[in-house]
Amino acid sequence: MKRFLGIIIGIAAIALIGYFSFIYYVPYSTGIRSGELIRLSHKGVMMKTWEGELSQGISGAQIFSFSVLDGDKKVIEDLKVLQGGYVKLEYVEKYKTFPWWGETRFFVKAVEKEDSPFNVK
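The name an unreviewed UniProt entry gives the chain is 6-phosphogluconate dehydrogenase, with Flavobacterium frigoritolerans as the organism.

Next up, the structure:
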């Protein structure tokens with residue numbers, strides 16, 4: 001009986017480690033989105049996360065919500081500088097997220113300033 005219980009616990013532990021490894025390392029998709037950076041905030045009570053929003057349409061009709069991992073300091077600083085401007089975000093979408101990562105499944109990896117298509121010269 002003890003051996004059977006040990007095998008069950010071992011299988012459960014391996015399955016749990018496999019599940020969390022899959023969520024951590026395997027991206028669902030990657031992509032690029034452009035729009036006006038309308039919000040960047042550092043929020044949470046126990047687990048502070050960086051969350052932001054990108055307006056992709058006129059009058060904020062299409063909002064893209066994203067998160068930034070705490071380790072991506074350059075991305076956070078670039079977003080702070082470009083707040084309110086038109087930007088291009090390179091992101092990774094995960095299958096799921098952890099509470100200490102952020103609220104969304106979309107994690108920004110790079111940001112760059114871009115000219116707004118609404119500024120006609």
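Colleague: Even after reading the chapter, I still don't get the nonpolar core, so can you show me in this structure?
Modeller: Considering soluble globular proteins, one finds that nonpolar side chains tend to be buried as a cluster. Within the largest apolar cluster, 17 residues are counted, with the highest numbers of intra-cluster contacts made by L54, F64, F66, V68, L79, V87 and L89. Those elements giving two or more residues to this core turn out to be β1 (27-43), β2 (49-55), β3 (63-68), α2 (73-81), β4 (86-94) and β5 (106-113). Leave out the neighbours within four places in its chain, and L54 touches R33, S34, G35, E36, L37, I38, Q62, I63, F64, F66, V87 and L89.

Colleague: Could you clarify how one ought to interpret the packing of aromatic side chains in this entry?
Modeller: Here the distance between the centres and the angle between the planes together describe a pair of aromatic rings. Using the criterion set out here, one finds 13 aromatic pairs in the structure. Among the aromatic residues, those joined into a cluster by ring pairs are Y19, F20, Y24, Y25, F98, W100, W101 and F107.

Colleague: What's the story with the UniProt feature "transmembrane region" (unreviewed entry) in the chain in this structure? I'm lost.
Modeller: When the UniProt feature table is mapped to this numbering, "transmembrane region" (unreviewed entry) covers residues 6-26. Across residues 6-26, helical content stands at 95% and strand content at 0%; the span's end C-alpha atoms are separated by 29 Å.

Criteria and cut-off values
Residues numbered from 1 in each chain as written. Predicted model: local features only at pLDDT ≥ 70, side-chain atom pairs only at ≥ 80, totals over all residues. Heavy atoms only, no water. Core = buried A, V, L, I, M, F, W, Y, C linked by side-chain atoms within 4.5 Å. Buried < 20%, exposed > 50% of the residue type's maximum accessible area, 1.4 Å probe, protein only. Helix = DSSP H or I, 4+ residues; strand = E, 2+ residues; numbered from the N terminus. Contact = heavy atoms within 4.5 Å. Phe/Tyr/Trp six-rings, centres within 6.5 Å; stacked < 30°, edge-to-face > 60°. UniProt positions renumbered as here; feature names shortened; annotations may be inferred.

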